[in-house]
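Coordinate analysis (summary)
Spelled out from the first residue to the last, the chains are:
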Amino acid sequence: MKNGTKAENEKRTSSPSGGAEKIRIDREKRTHNAYYLRVSKGYKAAKFFALALFVGYLIVMMCMYRSSITYDNLMYLIRDFETDVDVSSQGFENVNYSESEKMSFAVYKDRLALATGTEFTLYNTTGSVELEYDHSMENPKIETGEKYALVYDIGGTSYSIYNTIARVSTKRTDFAIQGADISESGALAMITRSKENRYVVSLYDDSFRELLRVYKDKYVTDVGMSADGKKYALVSCNVSGSDFITEVVSGSVYSDASASFEVPGLLPLSVDFFDCGDFVAVCDGAAVFVNAEGELKTKYDFSDMRLTSAYVEGDRLLLTGSGNIVGSASVAIVLDKDGAVIDRFTYDGKITSGVLSENFVFCLAGEEIIKRGADGAMTVERCPAYVKTIVPCFDNVALCSGTTVTMGFEPEKNDPLTGAAAEDTAEDTEKDTAEAEETLDVEMDVLD
């Protein structure tokens, strides 16, 4: 600070207490720049004018179009809004709910989605309810994508679409729903009965606008959408004499043109797209692999195995089924997108279902849950006997029972990077803490 005047200095030293004393220093009043003052007043006037114009616009629109301001329109506007909360990679804890006769489970945006006959609920990893809506469905089923969660009533006529903060759409179809699928982008496909034909497959974009209808006189068993929502595939069957004939149809949702071929002697069960754009139709005795253009690539035969589950993840397909005629032994087979065997193993027991995560294969076999890694290492743990279904999450598996959810494996056992790496991390943390305490002690000594 610059030295003050002599009078000011004398005033500072004349304090009775001998200490410092606050004094008032007169400074020259700053002059304002006329140009910037005029510009700031202009911006201020423009701000209030824009605010008044906006309020007036809202009033006029609410008066003229108040009949168009509905709850459904509001939900449509917020369909792309999402909540962003911290989740635990350890899996789900303390997730409890009331048991229901019909229950469907899925993982949606690292949350557990549960649909019963009366409601749809989203739980976070701590077990807290993040979203809850009532509905009435006889046989609810959940399909999830990266953008939305779809809940529909098999055999009923209602379906709803959710994100993490709201039910963004709920509708009813004219005829009973037989199946549905939703893509990662939010586009969806719906199989319903039809008045003109036996079945109709309706295809919608991610804004829920209908783009295409595919009518079929054959029995349609399943439909699949590509990850980007631009392509579809459906499987149907007909009976010729005493044999089933499977038809595989695929095409673009923006075109009426489609590709199709038939496979005799097979009953179609499901169809799913791989991440690469190819897809697979799983039948009762074979898996039919098809490229993105709708052409048959190869067929993997498993007619000697009674299929119990099929699951697609990324560019892999998992098949589980009985390994002998009495069903006392089971087989699990992992195939790539071209139908080549990646892994195959047998288990002395009945595998009822299987799922894939990024690094592991999980299978449910009665009161045991099986985990098998890419290196062939297999771990078996006990699990509750009343598990309804299993869903993969955080490279682990969630065991969904009638009233609660538990994780199949302990996090330290499931994580391929734990063990020595975890011990090193703990040692590093202790070392850093000790160094920080030592540094703090030195700083305190210096201050003293």
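Here, every reference points to the structure presented above.
Just so we're clear, the structure is a prediction, and the values are computed from it rather than from any experiment. (Residues numbered from 1 in each chain as written. Predicted model: local features only at pLDDT ≥ 70, side-chain atom pairs only at ≥ 80, totals over all residues. Heavy atoms only, no water.)

1. Remarks on the pattern of salt bridges
- With the rule as written, the count across this model stands at 13 salt bridges.
- A salt bridge links Glu 247 to Lys 216, with the nearest nitrogen and oxygen atoms 2.6 Å apart. A residue pair is termed long-range when its members are at least 10 positions apart, and Glu 247 in strand E16 (residues 243–252) and Lys 216 in strand E13 (residues 210–216) qualify at 31 residues.
- Put simply, Asp 338 and Lys 297 hold a salt bridge, and the shortest N to O gap is 2.8 Å. One end of the pair, Asp 338, is in the loop between strand E24 (330–336) and strand E25 (341–347); the other, Lys 297, is in strand E21 (residues 296–301), and 41 residues separate them in sequence.
- Looking at Asp 338, the relative accessible area reads 40%, which means it is partly exposed.
- When salt bridges with common partners are traced through the structure, they connect Lys 216, Lys 218, Glu 247 and Glu 262 into a single cluster. (Salt bridge = Lys/Arg side-chain N within 4 Å of Asp/Glu carboxyl O. Helix = DSSP H or I, 4+ residues; strand = E, 2+ residues; numbered from the N terminus. Buried < 20%, exposed > 50% of the residue type's maximum accessible area, 1.4 Å probe, protein only.)

2. Structural notes on the sheet that holds strand E19 (residues 279–283)
- The 4 strands are arranged E18-E19-E20-E21 in an open sheet whose pairing can be described as antiparallel. The sheet terminates laterally at strand E18 (268–273) and E21, the two strands that pair on one side only. Here the average twist between neighbouring strands, direction ignored, is 15 degrees.
- In this sheet, E21 lies alongside strand E20 (residues 286–290) in antiparallel orientation, the contact comprising 5 bridges. Residue pairing across strands places Ala 286 opposite Asp 301, the latter belonging to E21. (Pairing = 2+ DSSP bridges. Axes fitted to C-alpha atoms, helices over the stretch in contact; angles between N-to-C directions.)

3. Some words on the packing of aromatic side chains
- Within this structure, the stated rule accounts for 12 aromatic pairs.
- Consider the rings of Phe 120 and Tyr 162, whose centres lie 4.1 Å apart with planes at 25 degrees: the pair is stacked. Taken as a pair, Phe 120 in strand E4 (residues 119–123) and Tyr 162 in strand E8 (residues 158–162) lie far apart in primary sequence, 42 residues in all. Both residues of the pair, Phe 120 and Tyr 162, belong to the buried class.
- Seen in terms of ring centroids, Phe 360 and Phe 362 are 6.0 Å apart; in terms of plane orientation they differ by 50 degrees. Their pairing is tilted. Judged on exposure class, the residue Phe 360 and its partner Phe 362 are both buried.
- Three or more aromatic residues joined by ring pairs make a cluster, and in this case those are Tyr 97, Phe 105 and Tyr 123.
- Against the face of Phe 48 rests Lys 47, its NZ or CZ located 4.8 Å from the ring centre. (Phe/Tyr/Trp six-rings, centres within 6.5 Å; stacked < 30°, edge-to-face > 60°. Lys NZ or Arg CZ within 6 Å of the ring centre and 35° of its normal.)

All quantities given are derived from atomic positions and should not be read as evidence of function.
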